[in-house]
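# Observations on the model geometry
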Amino acid sequence: MTSAVSAGLTRRQVLSRAGLGALGLAMPAAWPDLAGAAEMKFGPAFPFDDAALVRRAADLLRDGYTPPPRRAPSTVEEIDYDAHGRIRFDPEQGLNAAGPGLYPSMFFHVGRYFPTGVRIFRLAKGRAAEILYSPDLFTMPQDSPARQLPPDIGFAGFRFHEARTRADWRTQDWMAFLGASYFRAIGDLGQYGLSSRGIAIDSATAGSEEFPLFREFYIETARSETDATTVLALLDGPSVVGAYRFAIRRTHAVTVDVEARLFLRRDVERFGIAPITSMFWYGENTPGVSTDWRPEIHDSDGLMIWTGAGERIWRPLVNPRLPTVSSFVDENPRGFGLLQRDRVFDNYLDGVRYDLRPSLWIEPLGPWGRGSVQLMELRTDDEVHDNIGAFWVPEEPVRAGASYTFRYRQYWGAEPPVLSSEVARCVSTRIGHGGQPGQSRPEGVRKFVVEFAGGPLADLAPGATVEAVVGAAGGDVIGPIAEQVPGTRRWRCVFDVKPSAPAPVELRAFLRASDVALTETWLYRYDPAPRD
């Protein structure tokens, strides 16, 4: 798994301290007088709808894969980080900046780190017209290499800004499509963080991971807050062609209904549906991984799964010693997502506000059949790399000539919309020396303390009998107990683990009373080998 950002430009430079602003992409509070600047121009209008997009995908499939053209590559290469930061889109020239759509669209300029131009079209009343690139849509220095680019260079991507009814619409964006098939949205806490993308192809396999591109976008923005903004997107890659429909709603957070129609050019080993990309460097469960001064650094701290059978699973993320793929087999899952549960600022102490990063929950719309939610965890020694991936992989092999349709809903927000009062949530995972204080510590034994809060735990009577149910594959569980956290209504599960061999141990735990589960099922992959 790699970041949406090409090598040479770190994830933190692009997304950390000012959202998309570190590339000069955030709008300044005041703009220079642009009198005389050219207005946005369009190509000829033509009929277009979802069926036409599918026909475009069929044409690409029939014609075979051709890499997208790289226009003026030497000039684009000159637009480095600093030069790109001095190129800013003029918000007054944005699509729907003066209506009739509610959410203005602004456009990203190509450059060294986003070199491939994409075609972007306005869509209205069943007709599309291409938005034509012009340097006059941007403010840039007179000596900027961007002024030497050809008129068909295209845009690197686009973003939606807040409704024109808001005073901050020129400066505040809430969703962006930029780089390969990546896109991201802010949650109800007003921050960017993790990303999604159209498809994941052969991630963490023996072969090379493939990054198909959204080559064309068709934008029809909502005219009221109750309507959906529609984006149609054409995906193209060596192995797959896709026709995507995004129905996007800006509520207190962001919800996106996705319909993906996919056509296979060749066999795919790992076909990742509804992929999510995030970053986990270290948290309270990974002491000793970093010498950084901040207590924790992560965009997400766990994978949540609601299985087809109704079980709720919480799997804390780890920064592994070696690349790891964990598979959670299921049939017709009710949902999964990468979440940021720790919302306490003091646990991060960083101005990039990791405590405000959104969670992303995926809800299938219709049956997905048998397959698995797969979690990829790659080693990282810094926060600048996205090292976490999660997606659905169908059970049946994916072969050339096959076609698929997947429909799902994305919820970008502080919490997923499926929290249950029937079970408590896991809120922390801590690891330390096994054994007991004041006694000789047993060699190779580790202690786990897993804390749960909410749900039925909040209503337990004093002195209630709660049982810790703990299992281990690849090790022995020693002395599991359940105890209330003093002074709170939280409970914790405490146990020691002794691995049977120098290999990872798969752990499973939950709390119950009278044979009724009180908590989510906590899963964990513990690697006893030392980190080099």
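For the structure itself, look to the data block above.
Residues numbered from 1 in each chain as written. Predicted model: local features only at pLDDT ≥ 70, side-chain atom pairs only at ≥ 80, totals over all residues. Heavy atoms only, no water.

### Comments concerning the overall build of the protein chain
When helices and strands are counted, the protein chain shows four helices and 35 strands. Against the compact-globule benchmark of 24 Å for 532 residues, the protein chain has a radius of gyration of 25 Å, which places it among compact chains. With the C-alpha coordinates of the protein chain rotated into their principal frame, the extents come out at 80 × 50 × 45 Å. By sequence separation, contacts in the protein chain at least 24 residues apart represent 69% of the contacts at least 6 residues apart. (Helix = DSSP H or I, 4+ residues; strand = E, 2+ residues; numbered from the N terminus. Rg over C-alpha atoms; globule rule 2.2 N^0.38 Å. Contact = heavy atoms within 4.5 Å.)

### Focus on the sheet that holds strand β31 (residues 475-484)
Pairing is antiparallel across the open sheet formed by four strands, whose spatial order is β28-β29-β32-β31. Taken across any chain shown, the strands that pair with only one partner, and hence form the sheet edges, are β28 (425-433) and β31. When the angles between neighbouring strand axes are averaged without regard to direction, this sheet yields 20°. Sheet topology note: the β31/strand β32 (residues 491-499) ladder contains eight bridges and is antiparallel. Along β32, the bridge assignment pairs Ala482 with Cys493. (Pairing = 2+ DSSP bridges. Axes fitted to C-alpha atoms, helices over the stretch in contact; angles between N-to-C directions.)

### A few points about empty space enclosed by the protein
According to the stated counting rule, one finds four cavities of 30 Å³ or more in the structure shown. Its volume calculated, the second largest cavity comes out at about 50 Å³. Met304, Arg312, Arg341, Leu419, Ser420, Val423, Arg425 and Glu520 together form the lining of the second largest cavity. Considering only residue class, the lining of the second largest cavity consists of three nonpolar, one polar and four charged. (1 Å grid on protein atoms, 1.4 Å probe; cavity = no way out; pocket = protein on both sides within 12 Å on 5 of 7 lines; lining within 4 Å. Points joined across faces, edges and corners; volume = space filled by probe spheres on them. Nonpolar A, V, L, I, M, F, W, Y, C, P; charged D, E, K, R; others polar.)

### Concerning the nonpolar core
Formed by 87 residues in total, the largest nonpolar core has its most connected members in Met175, Tyr244, Phe246, Ile248, Leu262 and Ile273. If you tally residues by element for this core, the top one is strand β16 (residues 254-264), at six residues. Sequence-distant contacts of Ile248, that is, excluding residues within four places in its chain, are made with Phe160, Trp174, Met175, Phe177, Asp227, Ala228, Thr229, Val231, Val254, Thr255 and Val256. The next biggest cluster of nonpolar side chains, apart from the first, holds 30 residues, and it includes Trp361, Phe495, Leu518 and Trp522. (Core = buried A, V, L, I, M, F, W, Y, C linked by side-chain atoms within 4.5 Å. Buried < 20%, exposed > 50% of the residue type's maximum accessible area, 1.4 Å probe, protein only.)

### Re helix α2 (residues 50-63)
An ideal rise of 1.5 Å per residue puts 20 Å on 14 residues; α2 measures up with 20 Å between its terminal C-alpha atoms. For α2, every residue scored as buried is listed here: Ala52, Leu53, Val54, Ala57 and Leu60. Looking at the buried residues of α2, the elements they touch are β13 (213-220), β14 (229-236), β15 (240-250) and β16. Sitting at the amino-terminal end of α2 is Asp49, which places a side-chain oxygen 3.2 Å from the backbone nitrogen of Ala51. (Expected span 1.5 Å × (residues − 1). Polar contact = N/O pair within 3.5 Å; in protein donor to acceptor, adjacent residues only side chain to side chain.)

### Some thoughts on the pairing of strand β35 (residues 521-526)
A large share of β35 lies buried, amounting to five of its six residues. Where strand β21 (residues 312-316) meets β35, two bridges bridge the pair, whose relative direction is parallel. Each residue of the ladder has a partner; that of Trp314, found in β35, is Trp522. As paired strands, strand β33 (residues 505-513) and β35 are joined by five bridges and run antiparallel to one another. Directly across from Arg508, in β35, lies its bridge partner Leu523.

### So, the environment of His252
Tracing the sequence through the fold places His252 in the loop between β15 and β16. Exposure remark for His252: the relative accessible area of 64% places this residue in the exposed category. Counting along the chain gives 243 residues from His252 to Phe495, while the straight-line C-alpha distance between them is 41 Å. Among residues more than four places away in sequence, those in contact with His252 are Gly187 and Asp188.

### Points about a nonpolar patch on the surface
Nonpolar side chains collect at one region of the surface, where Trp293, Phe345 and Leu349 lie side by side and expose about 330 Å² of accessible area between them. Its location among the elements puts Leu349 in the loop between β23 (335-339) and β24 (359-364). Taking relative accessible area as the criterion, Leu349 reaches 36% and is therefore assigned partly exposed. (Patch = residues over 30% accessible without salt bridge, like charges linked within 9 Å, V, L, I, M, F, W, Y side chains within 5 Å. Areas by Shrake-Rupley, 256 points an atom, 1.4 Å probe, with all protein chains shown as cover. Salt bridge = Lys/Arg side-chain N within 4 Å of Asp/Glu carboxyl O.)

### Section: the pattern of salt bridges
Under the defined criterion, the tally for this structure stands at 37 salt bridges. Arg56 is the partner of Glu216 in a salt bridge, and the nearest nitrogen-oxygen pair spans 2.3 Å. Remark: Arg56 occurs in helix α2 and Glu216 occurs in strand β13; sequence separation between them is 160 residues. Here the salt bridges share partners, and the residues they tie into one network are Arg56, Arg119, Glu130 and Glu216.

### Notes on the state of the cysteines
Under the counting rule described, the total for this entry stands at zero disulfides. Of all cysteine sulfurs in the structure, the one in Cys493 sits closest to Cys426, which takes part in no disulfide; the separation is 9.8 Å. (Disulfide = S-S within 2.5 Å.)

### Thoughts on the packing of aromatic side chains
Evaluated as defined, the whole model comprises 37 aromatic pairs. Consider the rings of Phe107 and Phe155, whose centres lie 4.9 Å apart with planes at 35°: the pair is tilted. With Phe107 in strand β4 (residues 105-108) and Phe155 in the loop between β7 (138-139) and β8 (157-161), this pair connects stretches of sequence that are 48 residues apart. When sorted by exposure, Phe107 lands in the same class as Phe155, which is buried. (Phe/Tyr/Trp six-rings, centres within 6.5 Å; stacked < 30°, edge-to-face > 60°.)

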